[in-house]
Amino acid sequence: MISRNTILFPAIIGIVGASLSVTAAESEERVDSVKADDLVQVAFRKVDKNELLGGVSVLDMEDLQKTNYTYEPQNLEGYISGWNGNSIWGMDGDNDGGYLVLVDGVPRDMNNIPSDEIKSISFLKGAQAVVLYGSRAAKGVILITTKRGKEGPLTVSVRANTGWHVAKAYPEYLGSAEYMTLYNEARRNDGLSNLYSDEVIYHTAAKTNPYRYSDVNFYSDEYLKKVYNRTDADAEIYGGNERARFYTNINYFRQGDYLDFGEAKKNYTDRFSVRGNVDVNISKVVSAYVDASATFYGSRSGHGNYWQQAAMMRPNRVTPWIPVDFINPNVTGALDLINNSLNIRNGMFPAGTSIDKTNIFADYDIAGYTKFTSRQFQFDAGVNLDLNPLVKGLTFHTQFAVDYATTYNTAYKDTYAVFVPVWGNINGKEEIVGLTQEGLDKHTGSQSVSNSTSRQVIHFSGNFDYNRTFADVHNVHALAVVSGWQRTTAGQYHRTSSANIGFEVDYNYDRRYYADFGISGIHSAKLAPGHRQAWSPTGTIGWRISNEDFLKDSQVVNELMLSVSGGILHTDLDISNFYMYSANYTQGGWFSWAAGGYAATYPQRGANEDLTFIKRKEFSVNLRGQFFNNLLGLEGSFFVINNEGLLINNSTKFPSYFSTYYPESSLVPWLNFNNNRRVGFDFGVKINKQIGEVNLIAGVNGTYYDTKATKRDELNADAYQNREGKALDGIWGYRCAGFFNSEDEIKGWADQSALGGSNIQPGDLKYVDMNDDGVIDSKDQVFLGKGGWYGNPFTMGINITAQYKGFSLFMMGIGRFGSYAMKGDTRIDDNNSYSYWWVHGDRKYSAEVRNRWTPETTATATYPRLTTTNGANNFVASDFWMYSTDRFSLAKVQLTYDFPSRMFTGPIVKGLQVYVSGSDLLTIGKNRKILEMNVGSAPQSRFYNLGAKVIF
């Protein structure tokens, strides 16, 4: 069917074109002379930016880079409406189930392309804008177009930057003495005796011997740098003539790390890339292009995760290194152990305990290092045919691309022994009187290779494009496209594929009244045979009001376009796996009488071969205009998106006996059932004003969306627990009513034993009994607020550029409002987790616990009582732990100076630009300290940069 339509389409267009030509025989064909700068990239073609019908926002990166250089596309929400930094129009974010990123029409990674290579970025938001890209574009498309060569003499520009990352904040943890004091308090709260003696706490606080009484501060200058450097440079080379043009970009960057000891001191990340784009006019009818890009990315790091350990390792747990001089010379056995060690560094040996047989400091000093290597090669080529001699207005375009990416780790990894000291006091001097060894020193001397992965992307598209004007007023465009791509990833049985055909027909009368119809035929192997194809139609009507006679000569309204769109997109993005339509069985041997093999076969799910695509049903209204002699630019969209037929499995549509918990078994199939709705708007306002010798450019962009679960498969006894009617990114938990302050208060309150056992004490949190059944359990959880999973409900960007003579001052701020976050656990695996806020058991104590509840602080406490148990009653999701993420950030400030061209009259240097900038400088918000602090990962940083660009 695809090839037949592709063959017939030019003939059909030719017949239509001939017919219209006959009826318009006495009229001249209009040939538009649209400037190249006024053309913007949309799906499979470029259009006049004044004729965009809505649902599309375009960022000209070349214009942006004149005043604001960034290594890779960042903070784009500061310039573009409809994009909030995480999603388009509040749809799912960046993953295989989210928006699609295309670089020169090929699915590629957005973080693998420097800004200097980019000409423009088109954000395709509306259904009519993405329909031609098929199923995997149903949540929006970010279309990146790279720079190309220009006719003219050879031009070379070189840009270099160097800057410094400065940490915004580090977590604050208690020192050993304070930790031990409060841990003793926690034990007493639990009815236990003190673990740490007053003597140990005293010596630790007095620092009489820091090697015996450990007090490790992971964030001290002993281990961390105050700043680290990042440097990058790139060269652009371009030129050509009417016959052939080329563009080349060579880029390199390297950055360091905060860690300042051992192998970690040598940590780095670097990237080298080369891009070449070539365009050739073979004849008047045939043109072609070839693009190639190679990226070499690498990093080096010591073994271990320092920041996780900094969040987990208690300060008194172990001393990393102890001087050999502390060993009593008469303890020959201890000295023999040390003398046989391969890892005595600077007269010190690695220390540990019978439990802590390694430590992160020795890991970085002794255990070796790992290098991560990534190689990416990208190639695409295309041919353009002008078929005007055969059918007027007809062209053909085709593209083929193949990309390869490989990653792997190489490492030198050694094991080492730690030594557990036994301390004594001999003649008033603290010495080590005994030593035991845990583990063995082993230097392999060989390099290991691990985590090797590879990925291949193959892409093909071909399209016929017909564009004619009849009688000067009837403008007809039609497009037929065949497109497909496939991504193969090592270790994954099924490839990620996209294949579709698409047709678009649009007509406008006299550039005033517009109608557009698009349709895409898609295929998905995730569905059962007979259900794998679907058609996605969209339609748009538009009115270019500014071209009406009553506004043609208006000094107020220079450009004004209103459009209304609707469409139904079918997609398999939210079908998470293959064969979900089929029944699935497994085997298990839980019966003792089984003789060899498995005892039984049992089902894991039932079959539903009628499983079908999820639908995105959309309605949008779009407005775009220029006013007051182009002083003011405005664009905006209102959208309603319904996602219907989302999959459910644990369904109430089937009796409970269709599923069992032991053995874990189910006959329940996947069904299309749940529905979601997103309603919102975006807007962009831009002002360009000349005030004397100052040119002022200011822009404000905003995106707001609201989500709602409009249909859910659920049965709850109380309506307040229904997810239907609530936000999709809802945070659910308990309403906290404060602290218990007495035993009598506990006795008079609802039973909370379901949360924290029977040992509820004064200082624990109490919760609201929502259903008045006298018990606090999961039935009392309620909707607490929006989590902003797809980006904050309201995102706003402000950018201002002021230009005076050769100086240019750029400022950008980004506001994010309307969502909340929950202080809680960060889980590493089933056995390890940490939290700055949920401190219980033997976890590391943060500064938060200083505000704990005690009988003396009942009126001022902001933290529950301390406990060495799991604290299950207190450490559950509740509004006690919630905080607003509302903030406004000063994302960038840059001062640029372009030296006058009269200074460069020689044959070599043609221009010079220098600039200084700062990024992520300031956060304004009630919870700034929380928002700027990372726990368990490298700190957020402010970045200060110096740069220059030279044109030859």
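Being a predicted model, the structure only gives us computed values, none of them experimental.

Student: Which parts of the structure should I look at to understand the overall build of the protein chain?
Tutor: Scanning the protein chain from terminus to terminus reveals eleven helices and 45 strands. Computed over C-alpha atoms, the radius of gyration of the protein chain comes to 33 Å, within 12% of the 30 Å expected from 2.2 N^0.38 for 952 residues, which places it in the range of a compact globule. Its C-alpha atoms put the protein chain at 115 × 80 × 65 Å along the principal axes. Counting contacts in the protein chain only where the partners sit at least 6 residues apart, residues at least 24 apart contribute 72% of the total. For the protein chain, the exposed surface amounts to about 43700 Å²; the carbon and sulfur share of it is 54%. Averaging the coordinates of the 91 positive side-chain charges in the protein chain and doing the same for the 100 negative ones gives two points 3 Å apart.

Student: What am I meant to see in the side chain of Q752 here?
Tutor: Position of Q752 among the secondary structure elements: in the loop between α9 (743–747) and α10 (753–756). By relative accessible area, which is 3% here, Q752 ends up buried. A polar side-chain atom of Q752 sits 3.5 Å from a polar atom in the side chain of W749. Among the polar contacts made by the side chain of Q752, one reaches the main-chain amide nitrogen of Y767 at a distance of 2.8 Å. If sequence neighbours within four positions are ignored, Q752 has contacts with F740, G757, I760, L765, K766, Y767, I776 and N873.

Student: Explain the sheet that holds strand β5 (residues 106–107) here, please?
Tutor: Pairing between the strands of a sheet is mediated by backbone hydrogen bonds and can be parallel or antiparallel. The strand order across the open sheet built from five strands is β3-β6-β7-β4-β5, with neighbouring strands paired in mixed fashion. Strands at the two margins of the open sheet, each flanked by one partner only, are β3 (56–60) and β5. Alignment of strand β4 (residues 100–103) against strand β7 (residues 141–146), held across four bridges, turns out to be parallel. Counterpart to V101 in the pairing with β7 is I142.

Student: In this structure, what is going on with the packing of aromatic side chains? I would like to understand it.
Tutor: How two aromatic rings sit relative to each other is set out by the distance from centre to centre and by the angle between their planes. Scanning the entire structure with this criterion turns up 53 aromatic pairs. Taken together through their ring pairs, the aromatic side chains of Y170, Y173, F218, Y219, Y223, F261, Y306, W307, F361, Y364, Y836 and W837 make up a single cluster. The positively charged end of K844 is found above the aromatic ring belonging to Y173, 4.5 Å away from the centroid.

Student: Can you help me understand the environment of T660 in this one?
Tutor: Position of T660 relative to the elements: it lies in strand β29 (residues 659–660). T660 gets classed as partly exposed once you look at its relative accessible area, which sits at 37%. Sequence separation between T660 and Q604 is 56 residues; the distance between their C-alpha atoms is 9.9 Å.

Student: Just checking my understanding: could you explain the pattern of salt bridges for this structure?
Tutor: Pairs can form between side chains of opposite charge whenever their charged atoms are close. The final tally for this structure, using the stated rule, is 48 salt bridges. Here R455 makes a salt bridge to D109, at a shortest N to O gap of 2.9 Å. Residue R455 is located in strand β19 (residues 448–470), and its partner D109 is located in the loop between β5 and β6 (118–124); the two are separated by 346 residues in the primary sequence. Of the residues examined, R455 reaches a relative accessible area of 27% and is grouped as partly exposed. By relative accessible area, D109 is classed as partly exposed at 27%. In this structure, the salt-bridge partner of E932 is R928, at a minimum N-O distance of 3.3 Å. For E932, a relative accessible area of 2% gives the class buried. Given the relative accessible area of 32%, R928 is considered partly exposed.

Student: Looking at this structure, I do not really get the pairing of strand β9 (residues 227–240). What am I missing?
Tutor: On a regular strand, one side chain projects to one face of the sheet and the next to the other, so that they alternate. Of the pairings in the sheet, the one linking strand β8 (residues 152–167) to β9 comprises 13 bridges and is antiparallel in character. Pairing of V166 across the sheet is with V227, part of β9. As consecutive antiparallel partners, β9 and strand β10 (residues 244–255) are separated by three residues.

Student: Is there a simple way to think about unusual backbone geometry in this case?
Tutor: Most peptide bonds take the trans configuration, and most residues that are not glycine carry a negative phi. One non-glycine residue with positive phi stands out, namely N629, at about 55 degrees. Secondary-structure assignment places N629 in the loop between β27 (614–627) and β28 (632–648).

Student: Would you mind showing me how to read the nonpolar core here?
Tutor: Across soluble globular proteins, nonpolar side chains show a tendency to be buried alongside one another. Ranked by internal contacts, the top residues of the largest apolar core, which has 64 residues, are F218, L224, Y306, F361, Y767, Y845 and V849. Secondary-structure elements contributing two or more residues to this core are α4 (176–189), α6 (306–312), α8 (360–366), β34 (736–739), β35 (765–767) and α11 (928–931). For this core, the leading source of residues is α4, giving six residues. Beyond its immediate stretch of four places on either side in the chain, F361 contacts V216, F218, Y223, F261, Y306, P320 and W321.

Student: Whenever I open this one, the packing of α4 against helix α5 (residues 198–206) confuses me. Can you help?
Tutor: Geometry of a packed helix pair, given as the angle between the helix axes and the separation of the axes. Interhelical geometry of α4 versus α5 gives an angle of 155 degrees and a closest axis separation of 8 Å. With respect to α5, the element α4 is oriented roughly antiparallel. Contacts between α4 and α5 pair S176, A177, M180, T181 and N184 from the former with V200, I201, T204 and A205 from the latter. Residues that form the contact of α4 with α5 fall into these classes: five nonpolar, four polar and no charged.

Student: Looking at this model, I keep getting lost on a nonpolar patch on the surface. Mind explaining?
Tutor: There is a patch of nonpolar side chains on the surface, built from W164, V227, I800, Y804, F807, L809, M811, L895, V916 and L946 and spanning about 790 Å² of accessible area. Note on placement: L895 falls in strand β43 (residues 887–898).

Student: What should I look at first to understand the environment of S742 in this one?
Tutor: Along the polypeptide, S742 turns up in the loop between β34 and α9. Accessibility expressed as a relative area gives 28% for S742, which makes it partly exposed. Sequence spacing of S742 and G256 is 486 residues, and the spatial spacing of their C-alpha atoms is 54 Å. From its side chain, S742 meets the backbone nitrogen of E745 in a polar contact 3.1 Å long.

Student: Looking at this structure, I do not really get the pairing of strand β32 (residues 694–711). What am I missing?
Tutor: Of the pairings in the sheet, the one linking strand β31 (residues 671–691) to β32 comprises 17 bridges and is antiparallel in character. Within β32, the residue paired with V679 across the bridge is D706. Taking the residues that link successive antiparallel strands as the turn, the β31-β32 hairpin has two residues, and the phi of G692 there is positive, at about 65 degrees. Pairing between β32 and strand β37 (residues 794–804): eleven bridges, direction antiparallel. Each bridged residue has a counterpart across the sheet, and for Y704 the counterpart in β37 is F794.

Student: I keep staring at α4 and nothing clicks. Help me out?
Tutor: Because an α-helix packs 3.6 residues into every turn, residues spaced three or four apart end up facing the same way. Here α4 spans 20 Å end to end across 14 residues, near enough to the 20 Å set by a 1.5 Å rise per residue. Counted residue by residue, α4 has ten buried out of 14 residues, so it is predominantly covered. Those residues of α4 that fall on the buried side of the exposure criterion are S176, A177, Y179, M180, L182, Y183, N184, E185, A186 and R187. Looking at the buried side of α4, the elements it contacts are α5. G191, located one to two residues past α4, shows a positive phi value of around 80 degrees.

Student: Help me understand the environment of A367, please; the structure alone is not making it clear to me.
Tutor: On the secondary structure map, A367 appears in the loop between α8 and β15 (368–386). Taking relative accessible area as the criterion, A367 reaches 5% and is therefore assigned buried. Considering only alpha carbons, one finds A367 and N873, 506 residues apart in sequence, at a separation of 41 Å. In this view, A367 contacts H303, A362, Y412, K413, D414 and Y416; residues no more than four positions away in its chain are not counted.

Reading guide: rules and limits
Residues numbered from 1 in each chain as written. Predicted model: local features only at pLDDT ≥ 70, side-chain atom pairs only at ≥ 80, totals over all residues. Heavy atoms only, no water. Helix = DSSP H or I, 4+ residues; strand = E, 2+ residues; numbered from the N terminus. Rg over C-alpha atoms; globule rule 2.2 N^0.38 Å. Contact = heavy atoms within 4.5 Å. Areas by Shrake-Rupley, 256 points an atom, 1.4 Å probe, with all protein chains shown as cover. Lys, Arg positive; Asp, Glu negative; His and termini not counted. Charge placed at Lys NZ, Arg CZ, Asp CG, Glu CD. Buried < 20%, exposed > 50% of the residue type's maximum accessible area, 1.4 Å probe, protein only. Polar contact = N/O pair within 3.5 Å; in protein donor to acceptor, adjacent residues only side chain to side chain. Pairing = 2+ DSSP bridges. Phe/Tyr/Trp six-rings, centres within 6.5 Å; stacked < 30°, edge-to-face > 60°. Lys NZ or Arg CZ within 6 Å of the ring centre and 35° of its normal. Salt bridge = Lys/Arg side-chain N within 4 Å of Asp/Glu carboxyl O. Core = buried A, V, L, I, M, F, W, Y, C linked by side-chain atoms within 4.5 Å. Axes fitted to C-alpha atoms, helices over the stretch in contact; angles between N-to-C directions. Parallel < 35°, antiparallel > 145°, perpendicular 65-115°, else oblique. Nonpolar A, V, L, I, M, F, W, Y, C, P; charged D, E, K, R; others polar. Patch = residues over 30% accessible without salt bridge, like charges linked within 9 Å, V, L, I, M, F, W, Y side chains within 5 Å. Expected span 1.5 Å × (residues − 1).

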